[in-house]
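Below are the chains, spelled out letter by letter.
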Amino acid sequence: MKAVSCSNARLEVVDLPSPVPARGQLLIEVLRCGICGSDLHARQHCDEAADVAAATGYDGFMRSDQQVIFGHEFCGEVLDHGPRTRNAPRPGTRVVAVPLLRRGDDVHTIGLSEAAPGGYAEQMIVEQALTLPVPNGLSADAAALTEPMAVAWHAVRRGEVGRRDVAIVIGCGPIGLAVVCMLKARGVRAVIAADFSAGRRALAQRCGADVVVDPAVESPYDTAAGHGHLKRASDALGLAVGTVEKLYRARLPWWHVWRAAEAAGATTPKHPVIFECVGVPGIIDGIVAGAPLFSRVVVVGVCMATDAIRPAMAINKEIDLRFVLGYTPMEFRDTLHMIAEGKVDVTPLITGGVGLGGVAGAFDELAEAGRHAKILIDPRSPLQEVQG
């Protein structure tokens, strides 16, 4: 079979033997596979990422001198089952799968490990237990976006965003756009998206953002003014003292009133939930500096370099900083059905398609913040250049 391998940052089409599924595994024909920002990062920075992964207890992440087949955002068709494996889903069934693969006692990340080749290939292996049939006649293009949309759904859930909260998305690349989509699917009424690229701001609008901002012209945090967010420490201090003074003048035991209000959640100042979807040094510190007091910041972007923040700034503003990774199998399954049931429209994210022979060029196009968000690979397509 043909596949695109990455070794020492070089992408090339190679001929490989067809993979053979083990017990509990399926062989699928890849119909579509998305090019993820993680693939672009891993191509250039996999050794740094592997060091971090090893420090957290996973030593199977790809290294630059290995031959790795990228691709963890895929939709395929079942071809065969491993030995002593239940015949489900049946051959011919269109499926997606959580991109994890067992090799003996170890579990590896599909498309980001030499031990688990991904979907930049005509065929690949997936775990039967993690495989889901594609419902409602959903297209292969849309189904392939289950994985990145699940990342966004996990981030939105970790952000604990309420419908009346203000959500601010910093960066409108593929993951930022996916977060916008999932925020609107959750029913969040005020979604502000910020990006320097006019093309990406236009895509954010198509994904449902209520306000789009060019941060070179205006601050997304100023755009959220009027929602009761506190910008200055003196405002927070004045609110606390003023509340006690009013209760004291009313001859009320302010501590009892305060405790009751606290139990009802009425003492928590209004604050936005901010999603960092850029992943370059300086972004987190910039968000902390610009955000209103008590903001919750959800870090979704993957910064591969060493970064620095000013803890005192975050402390003085009591910023809630959360980092997210991946999703649960349930979130993956729920995301697939949200897309299939029309609760999430992923079509604005799909901006191009290419065959295996055009993958290296597609990487170059995606490295530039322009018109493309998600480029899908069709392993059977002869396209040598991105179309769309």
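We now turn to the structure provided with this report. Since the model is a prediction, treat every value here as computed from it, not as a measurement.

1. Remarks on the pattern of salt bridges
Okay, so step 1: If you walk through the whole model with that rule in mind, you get 17 salt bridges.
Okay, so step 2: Of the charged contacts, one joins R296 and D320 as a salt bridge, the two residues approaching to 3.2 Å between their closest N and O atoms. Of this pair, R296 sits in strand β15 (residues 296–299) while D320 sits in strand β16 (residues 320–323), placing them 24 residues apart in sequence.
Okay, so step 3: Overall, the relative accessible area of 27% leaves D320 in the partly exposed class.
Okay, so step 4: Notably, a salt bridge pairs K343 with E341, separated by 3.4 Å at the nearest N-O pair.
Okay, so step 5: Classification of K343 as exposed rests on a relative accessible area of 55%.
Okay, so step 6: Through salt bridges with shared partners, a single ionic network connects E160, R296, D320 and R322.

2. Some points on the sheet that holds strand β2 (residues 10–15)
Okay, so step 1: Here we have three strands laid out as an open sheet, ordered β2-β1-β4, and antiparallel in their pairing. Across the chains shown, the open sheet's two edge strands, defined by having one partner strand only, are β2 and β4 (68–69).
Okay, so step 2: Two strands pair when backbone bridges link them, and strand β1 (residues 2–7) and β4 are joined in this way by two bridges, in the antiparallel orientation. Looking at the pairing, C6 lines up with V68 of β4.

3. Side note on the layout of surface pockets
Empty space among the atoms becomes apparent when a probe as large as a water molecule is rolled across them.
Okay, so step 1: Approximately 300 Å³ is the volume found for the second largest pocket.
Okay, so step 2: If you trace the second largest pocket, you find 14 residues lining it, with L239, T243, W258, A266 and T267 closest to the centre.
Okay, so step 3: When contributions to the lining of the second largest pocket are tallied by element, the ones reaching two or more residues are α7 (233–249) and α8 (254–263).
Okay, so step 4: Residue contributions to the lining of the second largest pocket peak at five residues, all from α7.
Okay, so step 5: A class-by-class count of the residues in the lining of the second largest pocket yields 11 nonpolar, three polar and no charged.

4. Some remarks on a negative patch on the surface
Okay, so step 1: Where like charges cluster on the molecular surface, the negative patch consists of D364, E365, E368 and E385.
Okay, so step 2: Structurally, the position occupied by E368 is in the loop between α12 (359–367) and β18 (374–377).
Okay, so step 3: You can call E368 exposed: its relative accessible area is 57%.

5. Thoughts on the packing of helix α1 (residues 37–55) against α12
The geometry of a pair of packed helices is captured by two quantities: the angle between their axes and the separation between those axes.
Okay, so step 1: Taken N-terminus to C-terminus, the directions of α1 and α12 make an angle of 100°; their axes are 11 Å apart at the nearest point. Relative to α12, α1 is oriented roughly perpendicular. Contacts between α1 and α12 involve D39, L40 and R43 on the former and, on the latter, F363, D364, L366 and A367.
Okay, so step 2: Split into classes, the residues belonging to the contact of α1 with α12 amount to four nonpolar, no polar and three charged.

Scoring rules and cut-offs
- Residues numbered from 1 in each chain as written.
- Predicted model: local features only at pLDDT ≥ 70, side-chain atom pairs only at ≥ 80, totals over all residues.
- Heavy atoms only, no water.
- Salt bridge = Lys/Arg side-chain N within 4 Å of Asp/Glu carboxyl O.
- Helix = DSSP H or I, 4+ residues; strand = E, 2+ residues; numbered from the N terminus.
- Buried < 20%, exposed > 50% of the residue type's maximum accessible area, 1.4 Å probe, protein only.
- Pairing = 2+ DSSP bridges.
- 1 Å grid on protein atoms, 1.4 Å probe; cavity = no way out; pocket = protein on both sides within 12 Å on 5 of 7 lines; lining within 4 Å.
- Points joined across faces, edges and corners; volume = space filled by probe spheres on them.
- Nonpolar A, V, L, I, M, F, W, Y, C, P; charged D, E, K, R; others polar.
- Patch = residues over 30% accessible without salt bridge, like charges linked within 9 Å, V, L, I, M, F, W, Y side chains within 5 Å.
- Areas by Shrake-Rupley, 256 points an atom, 1.4 Å probe, with all protein chains shown as cover.
- Lys, Arg positive; Asp, Glu negative; His and termini not counted.
- Charge placed at Lys NZ, Arg CZ, Asp CG, Glu CD.
- Axes fitted to C-alpha atoms, helices over the stretch in contact; angles between N-to-C directions.
- Parallel < 35°, antiparallel > 145°, perpendicular 65-115°, else oblique.
- Contact = heavy atoms within 4.5 Å.

Shape descriptors only; they carry no functional weight alone.
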